[in-house]
Amino acid sequence: MNLSDKENSPQGGDYGYGGYAGYGSGGYGEGEGTAHRSFQDYLLILRERIWYIIVVFLVVFSSVLVYTTSATRIYEATATVQLLRDDPKVMQVEAVVDTEIRGAEDLNTQVKLLESMNLIESVANRLTGDELTKFLAPYVDEDSEEPLLPHGILAENRKIVPQRLSLVIAIQYRHPDRVIAARVANYFTEEFINFNNRQRIEETLKAVDDLKLRADEQGRKVDELANELQSYREKNNMVSLDERRDIVTDRLKALGMNVTELSTELKQVEVRYDQLEERKDNLNELAELPFVASDPHIAALKQQIAAENIAIAELQERYRAKHPRMIEARRKLEQTNAELESAIRGMVRQIESQYDAAKRSLAEARKDLVEQETESLALSRAAVDYDKKEREYLINKELHNSIVSRMRETNLNAAMDNQNARVIDRAQPSKEGNFVSPNIVLNLGLGLIGGAGLGLGFAFFVAFIDDRVKSSFDIESVVGVPLVGIIPQIKKLDPVEKAQVVINNSDRQVAEAFLTLHSALRLKEEAKNAKCLLTTSTIPGEGKSFTTTNLALTFAAHGEKVCVVDCDLRKPNIHKTLQLENVKGVIDIVGGTADLDDVAVKDVFPGLDVITTGGRAKNPTHVLNSRNFEKMIEDLRKRYDRVFIDTPPLAAVSDAMIILPLVDGSLFTIFFNKVRRKAAQFAAKKLLESNVPLLGAVLNGLNLAVSGYYYAQYYDKSYKDYYVVMSKNDDTPERS
């Protein structure tokens, strides 16, 4: 069966292991699009490094197992203490030390007291004699020169555990001796209660001494204030301050009322006086004033005048003016008028006298009032100072009494046994064999989980630091080139056999891989119509020449006229692998000393011609940039169906980039687990940034021992067996 028959078989180019048209798990899709790591990719990473995981797991788990079986058995004893929210109240006396539990802060304070070094010191002092020897025995280091003290051991192995939603605290202690563990736990509870009692008593006695000093000092101050108060009384004649203050106040009130009355009286007299002054020259108007007319004497005179006027009027009817009776009547009337005028004048003088007297009385009264007010103010000022001194005396006297009372209560409270905590359960020795450390189940579980976790972590770490290209994810996602072919590793063939592997059938898997690559390129529109293809790589040794010759042979086997041109003018290799002379070639054509017919090696294999380099060029870039080189490529396009150009690696030199504009497409070869991702990515970027299509990447040298880790869908053990059957036991005759 020849190559063309295999491709035309029912499996076609995908014969035996599938094709690349739908390449890749995880959604790559014909080598196009963006690749993403799937869960399966991570499983493959772990699968490749399964021995790392197993070794790390065994090391960790065995270490945990050895530690668990050889560790000293530790016993734990627990005592519980209840904190009392309030101290017992035998008397309603406030304690000096406030131990009331009001909230989480107070509870945490008690917990910190249990954890304090002071309490550890007290417990350490209780460990003496044989008990101390047994306590220290498990920790004795014969090589140590420093004396072993129990303090650090007590702090390290004691644990204080507040019980949730309660005022109960568990005191736990661990020790290889279960009896010692219980005894030390009980020591902690006892010393905690004793510590609080000692603290309360010490603080109370200290407070009593302080109160006594303050009471003595306050007593002396009260005596000084009492003496000052007495001296002030004697100095200001204020022995009967309250009585004198009452007398002055009563006099001040009386004088005030007198001034008010005199002012009212003066106003009344002043009104009459003003009326008299206005009518002083007109007696008739004065007589008409109410207070004048209401005078009995003046009223009688006015009635008498009226009667006399009536009598004169009657006499005039009977007598003449000079009649004695008429003269007598007029004389009486004149006399009465004179008396009325005299009475009115007397009333005026009386009112004036009253007005002057009222003014004098009011002035004297006001003077007395001012004098009394001055005396009252002076007394008030003196009383203010006196009251201030008296108030200060009373306050300090009350403070002295309070201090003395508090001192007596505090002294009495110090003699009472008030505890703010009590033991609920005393610690008891654990049963023999009921140890808490090592926890065998927990340790083995942690060993299993930790070993597996560290193994997985180490495997991922190794995968992380391993930045060589090996998976389809690396090629398509990191390097950024679609994967179009995978070539298995060839171990037993020499370079000459490798260059012809597709026709000598020395490795059936490799031959099938090139058939698949041929099919993949035929399915790509750009590759299908590309006559001139360039093959390059990142670094030397990635199999670009091997790929070029075998891919060219595959196309030739399918009836196309193919030419391989070796353009690696620095380190030519094609002539070696195909066992050709390298006397004339590309250099001669470009130099104009030969033409294509002179240098082309015809029918190296059926349908395949080869043009070697013709030696090594001193200036390769000058040769490749020449017009004759371009003309050579144009002539090759006319004569052949396919032209494959082998070029130097991109990371080393730029020769491939010079040739790239002259071709229809490029193939990027990558050797499995050899080139680093950054280098491959940089080289591929150069090809991608050109205007020439990058047809894809060809992965060379896939190690079949680990192929299942990355390409299980293409290289499986069942496929390998199928190839063996096909190569050794197939009796079906091949057709040409």
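Residues numbered from 1 in each chain as written. Predicted model: local features only at pLDDT ≥ 70, side-chain atom pairs only at ≥ 80, totals over all residues. Heavy atoms only, no water.

Within strand β5 (residues 483-488), six of the six residues are buried, leaving the element largely enclosed by the surrounding structure. Alignment of β5 against strand β12 (residues 694-702), held across four bridges, turns out to be parallel. Note that in β12 the partner of Leu 483 across the bridge is Ala 697. (Buried < 20%, exposed > 50% of the residue type's maximum accessible area, 1.4 Å probe, protein only. Helix = DSSP H or I, 4+ residues; strand = E, 2+ residues; numbered from the N terminus. Pairing = 2+ DSSP bridges.)

Attention now moves to the sheet that holds strand β1 (residues 75-83). If you trace the four strands from one edge of the open sheet to the other, you get β2-β3-β1-β4, paired in antiparallel fashion. If you trace the sheet from one side to the other, it starts and ends with β2 (158-162) and β4 (421-425), each paired once. Across the sheet, the mean angle from the axis of one strand to that of its neighbour is 30°, orientation sign disregarded. (Axes fitted to C-alpha atoms, helices over the stretch in contact; angles between N-to-C directions.)

Let us look at the pattern of salt bridges. Under the definition given, this model contains 21 salt bridges. Put simply, Arg 126 and Glu 190 hold a salt bridge, and the shortest N to O gap is 2.6 Å. Placement of Arg 126 in helix α5 (residues 117-126) and of Glu 190 in helix α8 (residues 178-235) is noted, with a sequence separation of 64 residues between them. The class of Arg 126 is partly exposed, set by a relative accessible area of 30%. Within this structure, Arg 126, Glu 190, Glu 191, Arg 198 and Arg 426 form a network of salt bridges that share partners. (Salt bridge = Lys/Arg side-chain N within 4 Å of Asp/Glu carboxyl O.)

Averaged over every residue, the pLDDT of the protein chain is 81; residues scoring 70 or more account for 85%. Contacts for the low-pLDDT stretch residues 1-35, under 50 throughout, to residues beyond four places or in other chains number 90 contacts. Note that pLDDT drops below 50 for residues 722-736; the model gives that stretch 18 contacts with residues more than four away or on any other chain. (pLDDT = per-residue confidence, 0-100. Contact = heavy atoms within 4.5 Å.)

What follows covers the nonpolar core. Val 565, Ile 611, Phe 629, Met 632, Leu 636, Ile 645 and Phe 668 are the most contacted members of the largest nonpolar core, which has 49 residues in total. Here Ile 611 is in contact with Cys 563, Val 564, Val 565, Asp 566, Gly 585, Val 586, Leu 596, Val 599, Ala 600 and Leu 636, once residues within four sequence places are set aside. In terms of nonpolar packing, the next biggest core, distinct from the first, is built from 35 residues, Leu 113, Ala 124, Phe 195 and Ala 427 among them. (Core = buried A, V, L, I, M, F, W, Y, C linked by side-chain atoms within 4.5 Å.)

Before going further, it helps to examine a negative patch on the surface. Together, Asp 223, Glu 224, Glu 228 and Glu 392 give the surface a local cluster of negative charge. No other element matches the three residues that α8 contributes to the negative patch. Here Glu 224 is to be found in helix α8. (Patch = residues over 30% accessible without salt bridge, like charges linked within 9 Å, V, L, I, M, F, W, Y side chains within 5 Å. Areas by Shrake-Rupley, 256 points an atom, 1.4 Å probe, with all protein chains shown as cover. Lys, Arg positive; Asp, Glu negative; His and termini not counted. Charge placed at Lys NZ, Arg CZ, Asp CG, Glu CD.)

A cluster of nonpolar residues, Tyr 52, Phe 458, Phe 461, Phe 464 and Ile 465, forms a patch on the protein surface that exposes about 550 Å² of accessible area. Looking at which element gives the most residues to the nonpolar patch, the answer is helix α14 (residues 440-465), with four residues. Among the secondary structure elements, Ile 465 is positioned in helix α14.

A word on the packing of helix α18 (residues 508-523) against helix α20 (residues 544-557). Running from N to C, α18 and α20 point in directions that differ by 75°, and their axes come no closer than 10 Å. By the angle class used here, α18 and α20 are roughly perpendicular. Of the residues in α20, those touching α18 at Val 510, Phe 514, Leu 515, Leu 517, His 518, Leu 521 and Arg 522 are Phe 546, Thr 547, Asn 550, Leu 551, Thr 554 and Phe 555. Its residues assigned to classes, the contact of α18 with α20 shows eight nonpolar, four polar and one charged. (Parallel < 35°, antiparallel > 145°, perpendicular 65-115°, else oblique. Nonpolar A, V, L, I, M, F, W, Y, C, P; charged D, E, K, R; others polar.)

What follows deals with the layout of surface pockets. Looking at the second largest pocket, its volume works out to about 710 Å³. Looking at the second largest pocket, it is lined by 33 residues, and the ones nearest its centre are Gly 541, Glu 542, Gly 543, Lys 544 and Asn 573. For the lining of the second largest pocket, the secondary structure elements donating two or more residues are β5, α16 (495-499), α20, α21 (574-577) and β12. Of all the elements, α20 adds the most residues to the lining of the second largest pocket, at four residues. Across the lining of the second largest pocket, the residue classes break down as 14 nonpolar, 10 polar and nine charged. (1 Å grid on protein atoms, 1.4 Å probe; cavity = no way out; pocket = protein on both sides within 12 Å on 5 of 7 lines; lining within 4 Å. Points joined across faces, edges and corners; volume = space filled by probe spheres on them.)

A separate point is the packing of aromatic side chains. Inspection of the entire model under this criterion finds seven aromatic pairs. One Lys or Arg, Lys 561, reaches over the ring of Tyr 640 and ends 5.3 Å from the middle of that ring. The residue whose ring lies beneath Lys 674 is Phe 671, and the NZ or CZ to ring-centre distance is 5.6 Å. (Phe/Tyr/Trp six-rings, centres within 6.5 Å; stacked < 30°, edge-to-face > 60°. Lys NZ or Arg CZ within 6 Å of the ring centre and 35° of its normal.)

So, on to helix α3 (residues 50-70). Across its 21 residues, α3 extends 30 Å between first and last C-alpha, which sits within 8% of the 30 Å expected from 1.5 Å per residue. If you check which residues of α3 are buried, you get Ile 53, Val 56, Val 60 and Thr 68. Down the axis of α3, the smallest arc covering the buried residues is 95°, so these residues share one side. Opposite its buried face, α3 presents the exposed residues Trp 51, Val 66, Thr 69 and Ser 70, each directed more than 90 degrees away. (Expected span 1.5 Å × (residues − 1). Arc of directions from axis to C-beta.)

This part takes up the sheet that holds strand β11 (residues 665-671). Strand pairing in a sheet relies on backbone hydrogen bonds. The paired strands run either parallel or antiparallel. What the eight strands build is an open sheet, ordered β5-β12-β11-β6-β10-β7-β9-β8; its pairing is mixed. The open sheet has two edge strands with one neighbour each: β5 and β8 (601-605). Strand-to-strand twist in this sheet, taken as the mean axis angle between neighbours without regard to direction, amounts to 25°. Two strands pair when backbone bridges link them, and strand β7 (residues 562-566) and strand β10 (residues 642-646) are joined in this way by five bridges, in the parallel orientation. Paired with Cys 563 across the strands is Val 643, a residue of β10. The strands that α18 touches are β5, β10, β11 and β12; relative to β5, the one it contacts most, it runs at about 170°. Its contacts with the sheet put helix α27 (residues 677-689) on β6 (532-537), β11 and β12, and the angle it makes with β11 is roughly 175°.

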